[in-house]
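Below, each chain spelled out in residue letters.
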Amino acid sequence: MLRKHRDVIFEIQLFKGMSYTVEADQSDFYNARDKKIVQHTKKQTVTFKDGERLHLWVARTFKGNLILKANGKVLGRYEPSTLDRTRYDTEPTTKPAPMVIVLKNETTPASTSPSGNTCKASDPLGIDQWTLHPVPTAFGLDAWTMYSRNRPVTPVAEQHPTVAVIDGDSKGMPQKLKDYFAAGGGKSGVADVDPNEVATRNWLIGQLAGAAAYAGDNWNWLRHSINKQADGAFKLVSAKIAYVRGKVRIYFTGYSAKNPVFGPGGHGPGNAKILQVYAGIGKAGSVFKSTAMAVGGTFKGNALVSFIFGSATSWAEWQADSQKDGYDLAAALVASLVKAVVAAVLTVALVAAILFLLMIAAEIAVAAILVGALTLGIGWAVGYGIESLDKQAGKAWKGQGNGDGTAAGIAPWLRSAGRWLGESWDHLNAKFPNDYQPWAAL
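Residues numbered from 1 in each chain as written. Predicted model: local features only at pLDDT ≥ 70, side-chain atom pairs only at ≥ 80, totals over all residues. Heavy atoms only, no water.

Draft legend 1. Molecular detail of the overall build of the protein. Within the protein one finds 11 helices and 16 strands. With 442 residues in all, the protein has 39% of them scored as buried. Looking at the protein alone, contacts between residues at least 24 apart form 59% of all its contacts between residues at least 6 apart. Surface exposure of the protein reaches about 24300 Å², of which carbon and sulfur atoms provide 59%. (Helix = DSSP H or I, 4+ residues; strand = E, 2+ residues; numbered from the N terminus. Buried < 20%, exposed > 50% of the residue type's maximum accessible area, 1.4 Å probe, protein only. Contact = heavy atoms within 4.5 Å. Areas by Shrake-Rupley, 256 points an atom, 1.4 Å probe, with all protein chains shown as cover.)

Right under this line is the structure:
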């Protein structure tokens, strides 16, 4: 549908402040404004305001009607296949004439018909007296434009931009919220203490989201690491290492008999609680296992929600920059993915190293809640360090004016790969047209 489409443009100026919706009854269509598919099976709609020009794309094989509504009332049904009965071929280079539906109320008050036609009980806006006529447009083609019999038509000048289509859905994200995050990725404003401009508003919010995700995923042991005693006092649950027959064993202290997480007995480094809380301290293999768990945990549970939130802010920042295309967004997401994995590995490794010094070298009992605070603090420091190195590497790679880090260098690679795939496809399609024709028709 995106490669072999035709344009449908709605421009309505009837009553200031009014909103309208467009939906389809049999086929999907594409909302070029929001860059998303509108599915008729899910009864999805597109909303736009009075005075706003709405640009839609429909397939050349579009079936059924585009239905225009205001306040739930149907203003019109437009069936592209009957408005223009020309049958176009399937070549992407073919540009069918755009259909432009224009409803304007330039002279009459709001209490009368917007077209200047007669208002009736069955037709309060005089819509049935509007007609369709072909007129020239800036496309150099004819367009089917709807206008009143009693008013001359004004051609609609419409540009035809190249759109980079990105998989994603911002449904439910209010415009003000999207604008808030779009403006939150600039400079931090504290260059004296943040020379690489890492601590932007979006980055700080992302750190809070990461801390909340860590607390949510580890809430069970975090809340039981502060144990209420029989006398009403609180005591921190701690762990200390002992050696039994030459093997490392971890024992907890400060827990009560009712504590469902921490209990008696010695635990090996591979115990689930030791892996999760104490980074598998006591054995190198357990530390590696704990590291793998941390990397995997980045993409599930609350941590996954935090990662998606970071991706959403990257998407909002990307949309606000008209000079960037889909490859720039893809590069930013790839860079974020790599940095998240590296941060998880380094955080666990540093926590394990500090616990080794405290629990094994110094033989100090370490409270579980302290490990949680240590993990959050190290995670913040590691994240800041990785972002700083990323921005410095980006400037060394693409020049001092680059503020996007290594993503600015990755984007040209992805762009070249996309161009190569497109050229390879065209070559195969030309060389083996019978084999590739079914795919080309999709």
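The rest of the description comes next.
Draft legend 2. Representation of the sheet that holds strand S5 (residues 46-49) within the structure. Judged by pairing direction, the sheet is antiparallel, and its four strands sit side by side in the order S5-S2-S7-S8 without closing on themselves. Looking along the sheet, the strands with just one partner apiece sit at the ends: S5 and strand S8 (73-78). Each neighbouring strand pair of the sheet contributes to a mean axis angle of 25 degrees, computed without reference to strand direction. Both strand S2 (residues 19-24) and S5 contribute to a ladder of four bridges, which runs antiparallel. Pairing of Val22 across the sheet is with Val46, part of S5. (Pairing = 2+ DSSP bridges. Axes fitted to C-alpha atoms, helices over the stretch in contact; angles between N-to-C directions.)

Draft legend 3. Layout of a nonpolar patch on the surface. On the surface, a cluster of nonpolar side chains totalling about 280 Å² of accessible area is made up of Val334, Val338, Val342 and Leu346. Tracing the sequence through the fold places Val338 in helix H8 (residues 326-361). (Patch = residues over 30% accessible without salt bridge, like charges linked within 9 Å, V, L, I, M, F, W, Y side chains within 5 Å. Salt bridge = Lys/Arg side-chain N within 4 Å of Asp/Glu carboxyl O.)

Draft legend 4. Spatial organisation of the side chain of Thr291. Among the structural elements, Thr291 can be located in helix H6 (residues 284-297). Excluding anything up to four places from it in sequence, Thr291 contacts Val345 and Val348.

Draft legend 5. Highlighting the pattern of salt bridges. Taken as a whole and assessed by the stated rule, the structure comprises seven salt bridges. Where Glu52 meets Arg33, a salt bridge forms, and the shortest distance between an N and an O atom there is 2.8 Å. Of this pair, Glu52 sits in the loop between S5 and strand S6 (53-59) while Arg33 sits in the loop between strand S3 (29-31) and strand S4 (36-38); the two residues are 19 residues apart in sequence, bridging distant segments of the chain. Taking relative accessible area as the criterion, Glu52 reaches 23% and is therefore assigned partly exposed. By relative accessible area, Arg33 is classed as partly exposed at 32%.

Draft legend 6. Expanded view of the sheet that holds strand S15 (residues 247-253). Spatial ordering of the open sheet is given by S15-S14-S16, a layout of three strands whose pairing is antiparallel. At either end of the open sheet lies a strand with only one pairing partner, and these are S15 and strand S16 (366-367). Of the strand pairs in this sheet, strand S14 (residues 238-244) and S16 are connected by two bridges, and their pairing is antiparallel. Residue Ser238 lies in a different strand from S16, and its bridge partner there is Ala367. With respect to the sheet, H8 is in contact with S14 and S16, its orientation differing from that of S14 by roughly 60 degrees.

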